[in-house]
Amino acid sequence: MALLMFNPPGLRGAEGEGQATQFPLFVSTWPFGQPANELARKTVERGGSLLDGIEAGIRLTEADFKNLSVGIGGLPNRDGVVQLDACIMVGRGHQAGAVAAIEGILHPISVARKVMEETPHVLLVGQGAQDFAVDQGFSLQPLLTATAREEWRKWQAKQSDPKRDLNHDTIAMIGLDAAGNLAGGCSTSGLAYKLPGRVGDSPLIGDGLYVDNEVGAAGATGVGENVLRYCGSFLVVEFMRQGLHPQAACIKTIERIARLDPLGVDELFINFIAIDKAGRFGAAGTGEGFEYAVTYPGSSEVRDSAALSSRSVGAIGGNQPEPRGENR
Ligand code: GLY
């Protein structure tokens, strides 16, 4: 279908632009973000920092073995190995930490926080990330559950393309405290049956997550290859800097990507959440069906995002050849 223009009358699914009235505010991807948000809020109410809340909430999702796309229980790579990606970012001081393609560690979000707090680096990958985690006291454990192994075996029998339509994916969570400070985190097992070593958008600062303490924060979910080629979350924040409401910034980012990308809006399968420093929040996805969770004192709900295409969420993407005859 044709790309819809900014804020068109026919925009699907949006429940309207949001505004928190009390803080802390937590916004995260998908309905499974709601219990994560609620734990994050309780963590802050009990005296934890905003970052403590983000970490605690995401750990809840990572530990849910029924979730096939985050933490334990995540669908493995082509070789049957679960490789996890995560990042964390705090607005004050503009600090960030991340791990990618890490194996055997239940809580990559906590390792990402250690990278931020205990090293001069931002991103550790693969064996180096695992070695660092073990040095920091994290224990190694199997992450491939019986259900995920069974799904992988079925995929092996079919040898179909990698896919992610068995479940929704990444948790991205962003938060704002009463003092106006922002933070966020993101965690995923990534694209099911991916090539070993594949890294998606989720652990990359500016792609799966971006926090700017002057403006706002944004996070992404969906096909990582279609976010990380556009610095998607960074772009959302930059549109907020220009004065757009967070929901409008998410819509405008998808419009930009869909205009540039040969896949077009129907095939990108990407979604964004955003909050600004004033506590306004919103979300948008390329297709129908992207829901996000919003929690602040006195309110916790799952909302429909704005959708720019009638296609539902779920499928794969990545680098595509240019259309025949164009730029050749
Ligand atoms: N958005 C998660 C991934 O593509 O890895």
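Worth saying up front: this structure is predicted, and the values here are computed from it rather than measured.

## Considering the nonpolar core
With 84 residues, the main nonpolar core has L25, V27, F272 and I275 as its most contacted residues. Among residues more than four places away in sequence, those in contact with L25 are A20, I174, G175, L176, I275, G279, F281, V294, T295 and Y296. In this structure, A148, W152, W155 and A192 belong to the second largest nonpolar core, which totals seven residues.

## Some thoughts on the sheet that holds strand β4 (residues 95–102)
If you trace the eight strands from one edge of the open sheet to the other, you get β5-β4-β3-β7-β6-β2-β12-β13, paired in mixed fashion. Since the sheet does not close on itself, it has two edges, and those belong to β5 (123–125) and β13 (299–304), each with one partner. Recorded for the sheet is a direction-independent mean angle of 10 degrees between the axes of neighbouring strands. The sheet contact formed by strand β3 (residues 84–90) and β4 spans six bridges and is antiparallel. Considered in β4, the bridge of I88 is made with G97. Set on the sheet, helix α4 (residues 126–135) makes contact with β4 and β5; between it and β4 the angle comes to about 115 degrees.

## Comments concerning helix α3 (residues 108–118)
In an α-helix, one turn spans 3.6 residues; hence positions three or four apart end up facing the same way. When you tally the buried positions in α3, you get eight out of eleven residues, the bulk of the element. Buried residues of α3: P108, I109, S110, V111, A112, R113, V115 and M116, and no others. Structurally, α3 contributes buried residues whose contacts are with α2 (50–62), β3, β4, β5, α4 and β7 (182–188).

## Looking at the packing of aromatic side chains
Scanning all chains against the criterion turns up three aromatic pairs. Ring geometry for Y210 against F234: centres 5.0 Å apart, planes inclined by 70 degrees, an arrangement best described as edge-to-face. Of this pair, Y210 sits in strand β8 (residues 209–212) while F234 sits in helix α7 (residues 232–241); the two residues are 24 residues apart in sequence, bridging distant segments of the chain. Overall, Y210 belongs to the buried group, its relative accessible area being 11%. Here K66 stacks its cationic end above the ring of F65, 5.4 Å away from the centre of that ring.

## Let's talk about the side chain of T29
Within the fold, T29 resides in strand β2 (residues 25–29). Exposure remark for T29: the relative accessible area of 0% places this residue in the buried category. A distance of 2.8 Å separates a polar atom in the side chain of T29 from the backbone oxygen of T170.

Rules of the game
- Each chain has its residues counted from 1, following the order in which its sequence is written.
- At least 70 in pLDDT is required for a residue's local features to be given in this predicted model, at least 80 for side-chain atom pairs to be given and counted, and no such filter applies to totals for whole chains, interfaces and linings, which use all residues.
- Side-chain measures were taken over the full set of non-hydrogen atoms in the model, leaving aside hydrogen atoms and water.
- To qualify as a nonpolar core, a set must consist of buried Ala, Val, Leu, Ile, Met, Phe, Trp, Tyr and Cys residues joined through side-chain atoms within 4.5 Å.
- Think of it in three bands: with a 1.4 Å probe and only protein chains considered, a residue is buried below 20% of the maximum accessible area for its type, exposed above 50%, and partly exposed in between.
- Throughout, a contact is declared for two residues whenever any of their heavy atoms are within 4.5 Å.
- Note on pairing: two strands pair once DSSP finds at least 2 bridges between them.
- Helix and strand labels come from DSSP, where a helix needs a run of H or I of at least four residues and a strand needs a run of E of at least two; each type is numbered from the N terminus.
- What counts as an axis is a line fitted to C-alpha atoms, over the stretch in contact for a helix, and the angles between N-to-C directions run from 0 to 180 degrees.
- Note on aromatic contacts: the rings of Phe and Tyr and the six-membered ring of Trp form a pair at centre separations within 6.5 Å, being stacked when their planes are under 30 degrees apart, edge-to-face when over 60 apart, and tilted otherwise.
- By definition, being over a ring means that NZ of Lys or CZ of Arg is both within 6 Å of the ring centre and within 35 degrees of the ring normal.
- Definition of a polar contact: a pair of N or O atoms within 3.5 Å, with one able to donate and the other able to accept a hydrogen when the atoms are protein atoms, and with sequence-neighbouring residues admitted only if both atoms are side-chain atoms.

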